[in-house]
Amino acid sequence: MKVLKFGGTSVGSAQNIVKTIDIINNSKDKQVVVVSALGGITNKLVNAIRSALNKDNQFKKIVTEIHKIHLETIQKLNLNNSELTIFLDKKVNEIETLLDGIYLLGELPKKTEDIILSAGELISSQIIYEKLKELGSDVSYKDSRELIKTDSNFGAANVNFELSNYLIQYFFERCQSKIIILPGFISQDANENTTTLGRGGSDYSAAIIAAALKAEQLEIWTDVSGMYTCNPKIVQNASPIAHISYKEAMELSHFGAKVLYAPTIQPVMHQEIPMYIKNTFEPKADGTLINNEISKSNQIITGISHIENIALITLEGAGLVGISGSAKRLFTALAKENLNIIFITQASSEHSICVGLMEQDAIIAKQVINAEFSNEIKLSKVKPISIEANLSVIAVVGENMKRHQGISGKIFSTLGNNNVNIRAITQGSSERNISVVIENKDASKALNCLHEHFFEEQIKEINLFVLGAGNVGSKLLEQIHKQNDYLKKNLKMSLRVIGLSNTKNMHFDYNGIALDNWDTTLSNGIPSNQDDFIDHALKLNLRNSVLLDNTASGEVAKLYSKSLSNNIAVVTCNKIACSSKLSNYKELKELSKKYNAPFLFETNVGAGLPIIDTLKNIVASGDTVHKIQAVLSGSLNFIFNNYDGNTSFASVVEQAKIEGYTEPDPKIDLSGVDVMRKIVILIRESGYAVEIDDIQNVSFLPQSCIATESVDDFFEALKKEESHFSQLLQQAKLQNSRLKYVAEFENGKAKVGLQFIPENHPFYHLEGKDNIVLFYTQRYNEQPLLIKGAGAGAEVTASGLFADIIRVANAF
């Protein structure tokens, strides 16, 4: 004999009921079939009770809706059965009468609540029974209340197993039908009052019957293909667990795995009855087998589950130390109020005891514990109870954990690396479960990063929040789109653009923005706001998050501190932050260290050239930089390499702007401000304290150009000053030199300016938009360390940003 239980979604509509009946009729075995209420009906009954209790007439509409749902289901199943319709009407009228009483009296007896909540299972089981009977199946119906006997603890009744087992065995020994339909969830006390077994109690009903009959197996049919390694609604890469032990399943269900009601396991475990979790909508899928055996898989962790909205209640004080019975008094006080304890931990010093309960129970718990320890509180031996709410408990479960060292360390380091603060920890002596309490807001991130670490094929997901989709930004998105398959295959990482913004619009997609048409998606986004953009990134709270700044905006640079202090890495080609006040630069560096959030800005100097990374390695290895000479502006190098007197200086500058070599405002490049920022960054990364105002700027621009206030005015001024630029060019030719804009640092002083570079100098043959840097150090004294290459352009800057993203990914 098999016992099958079908959940609410399995019987949630006429179409689903047909699928359920097909599964029942396709079996050759004798079957006991336990059914839940139609999907959503119990919740509607709960809402109706609340409305009536709150003097809200809305409960009548809810009752009408409940009647309509059932009637439509009957009609769609083509059940022309007047007795069934009469039964439905009677039940609904009974519900409405009871709700009227609650509405008038403003009271809700627990006994009345159980009668109302039992209606869903009673109606659904009758519908399925009548449909099977119409199809000619060999079927009987039995009211579970006649078989499962309990105490009078309404809402979560305790089963009288001795009596229930006798009644179940007596009935089924005499029942010859192949199929027996029973309503789940409901039971009866000694006074024949309807009781219920707790939300999810239909699973429990099926397990009680299976254990009493020593059934061949128990099958729980639901809308997923078994128990999952984690909640698939939160962790997209969660997968079904093929096999799990009773004790592992019990731990996971106790800590929030909703596919199975926790008490279900106990009865079948005692009889060693195998249990299967199966999918009504994919009946051929393997599902999950639960039995007494430990999985032979090499997987250390079996699953991860969680419960949100718990509260930590702490009893502490010197009066607890060395005093026996304190814990007993605490737990007895809670037990008297039927308060369920989820989590317990006690300091080894015995100075404090901490318990976790659901938030809705916290206030009552505080009152009863304070009352129990009132004398100690008055004498200041014990502090009044403290409550910490908005918390979640994460349980990492696996029988194989006891055979492996360092699992708890991996859990804590994974959470720590993602800035998830642990409030409490517990681990049983069985080493089957390690549980941690964290803030609610971190639950999704914690589940995803733990699942990624323990279950996934080490393909690390990097979540990008991209500000700026212009020349550089668009090229970067193109490169990411092109290379993502390569990254997954070879570097075991996947880059997902979660947020994207330009000056007009922004768009977010939790599953990742499709990069083959990102521009269309962005154009249909919501109005852009930089503060809202970072706030949304923080709200999503995804692991391995990176803020990517492709702008030249000072306002965007102000977002870095907020990002880093919330464990979101920053990758930027924007030079403003690192060349701003020294105190701000140092603060960003400290925040990066404090919150373990990488802050990379390689493209601030030299676009895609490895200048800053090389400099960091020089300093880290113990070498000392005492002199820097560099051509750091690819745009200025391009301009002076292409200005030959045949074309106006303004035209060459305009061409550089069109090709993306200059900033949107070319005056930033030509005024020397951009180069000043770059040399400041190099000096600071060399270990020296310098402000941008300390840099001497020997400008080659006439005052008329510097004084302009718009890009258009700047170009007009360049045209008017052509003779000035022509004179500089002729002077260079007379000296057999070339014009190069050079940054220098030596003996604690730095300057930038246009220089006449002679033919024998390394800078003389610097072509196109190339940059060159000479580092003179203690080790590279006579012959400097030279780095040379393309130092401007959207493609190379994007590739530099891409390289920084990969560095960040490797650091996570």
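Residues numbered from 1 in each chain as written. Predicted model: local features only at pLDDT ≥ 70, side-chain atom pairs only at ≥ 80, totals over all residues. Heavy atoms only, no water.

Observations regarding the overall build of the protein
Logical step 1: Helix and strand counts for the protein stand at 30 helices and 29 strands.
Logical step 2: Its C-alpha radius of gyration of 36 Å places the protein more than 25% over the 28 Å reference for a compact globule of 812 residues.
Logical step 3: Principal-axis analysis of the C-alpha atoms places the extent of the protein at approximately 115 × 70 × 55 Å.
Logical step 4: Taking all 812 residues of the protein together, 53% fall into the buried category.
Logical step 5: Residue pairs at least 24 apart in sequence account for 73% of intrachain contacts in the protein once pairs closer than 6 positions are excluded.
Logical step 6: Carbon together with sulfur atoms contributes 47% to the accessible area of the protein, which is approximately 35,500 Å² in total. (Helix = DSSP H or I, 4+ residues; strand = E, 2+ residues; numbered from the N terminus. Rg over C-alpha atoms; globule rule 2.2 N^0.38 Å. Buried < 20%, exposed > 50% of the residue type's maximum accessible area, 1.4 Å probe, protein only. Contact = heavy atoms within 4.5 Å. Areas by Shrake-Rupley, 256 points an atom, 1.4 Å probe, with all protein chains shown as cover.)

A closer look at helix α30 (residues 794–811)
Logical step 1: Between its terminal C-alpha atoms α30 stretches 26 Å, which fits the 26 Å expected from 18 residues at 1.5 Å a residue.
Logical step 2: The complete set of buried residues in α30 reads Ala794, Thr797, Ala798, Gly800, Leu801, Phe802, Asp804, Ile805, Val808 and Ala809.
Logical step 3: Residues of α30 that are buried in the fold lie against β17 (460–467), α16 (471–491), β18 (493–501), β21 (545–549), β22 (569–572) and β23 (599–600). (Expected span 1.5 Å × (residues − 1).)

Quick word on the packing of aromatic side chains
Logical step 1: Under the defined criterion, the tally for this structure stands at 20 aromatic pairs.
Logical step 2: Centre to centre, the rings of tyrosine 204 and tyrosine 261 are 6.3 Å apart; their planes meet at 65°, and the pair counts as edge-to-face. Taken together, the residues span a long stretch of sequence, with tyrosine 204 in helix α8 (residues 201–213) and tyrosine 261 in the loop between α9 (246–254) and α10 (265–271) at a distance of 57 residues.
Logical step 3: Each ring, one from phenylalanine 599 and one from phenylalanine 601, has its centre 5.1 Å from the other, and the planes form 50°; the classification is tilted. The pair phenylalanine 599 / phenylalanine 601 is uniform in exposure class, with both members buried.
Logical step 4: Over the ring of tyrosine 103 we find lysine 55, and its NZ or CZ is 5.5 Å from the ring centre.
Logical step 5: In this structure, arginine 329 is placed above the aromatic ring of phenylalanine 373, and the distance from its NZ or CZ to the ring centre is 4.2 Å. (Phe/Tyr/Trp six-rings, centres within 6.5 Å; stacked < 30°, edge-to-face > 60°. Lys NZ or Arg CZ within 6 Å of the ring centre and 35° of its normal.)

A look at the pattern of salt bridges
Logical step 1: For the coordinates displayed, the defined rule picks out 31 salt bridges.
Logical step 2: Across the pair lysine 133 and glutamate 130 runs a salt bridge whose closest N-O atoms are separated by 3.4 Å. With lysine 133 and glutamate 130 both in helix α6 (residues 119–134) and three residues apart, the pair spans about one turn of that helix.
Logical step 3: Two residues, glutamate 372 and arginine 329, come together in a salt bridge whose shortest N-O distance is 3.0 Å. Placement of glutamate 372 in helix α12 (residues 359–372) and of arginine 329 in helix α11 (residues 326–336) is noted, with a sequence separation of 43 residues between them.
Logical step 4: By sharing partners, the salt bridges in this structure join Glu452, Glu461, Arg496 and Arg543 into a single network. (Salt bridge = Lys/Arg side-chain N within 4 Å of Asp/Glu carboxyl O.)

Topic: the sheet that holds β18
Logical step 1: Strands sit in the order β20-β19-β18-β17-β21-β22-β23 across an open sheet of seven strands; the sheet is mixed. Either end of the sheet is taken by a strand with one partner, and the two such strands are β20 (526–527) and β23.
Logical step 2: Examined bridge by bridge, β21 and β22 share four bridges and lie parallel to one another. In the strand pairing of β22, valine 546 is matched with alanine 569. (Pairing = 2+ DSSP bridges.)

With respect to the confidence of the model for the protein
Logical step 1: Residues at a pLDDT of 70 or more form 99% of the protein, whose mean pLDDT is 91.
Logical step 2: Within the protein, the lowest mean pLDDT, 81, falls on strand β12 (residues 343–346), and the highest, 97, falls on strand β4 (residues 179–183). (pLDDT = per-residue confidence, 0-100.)

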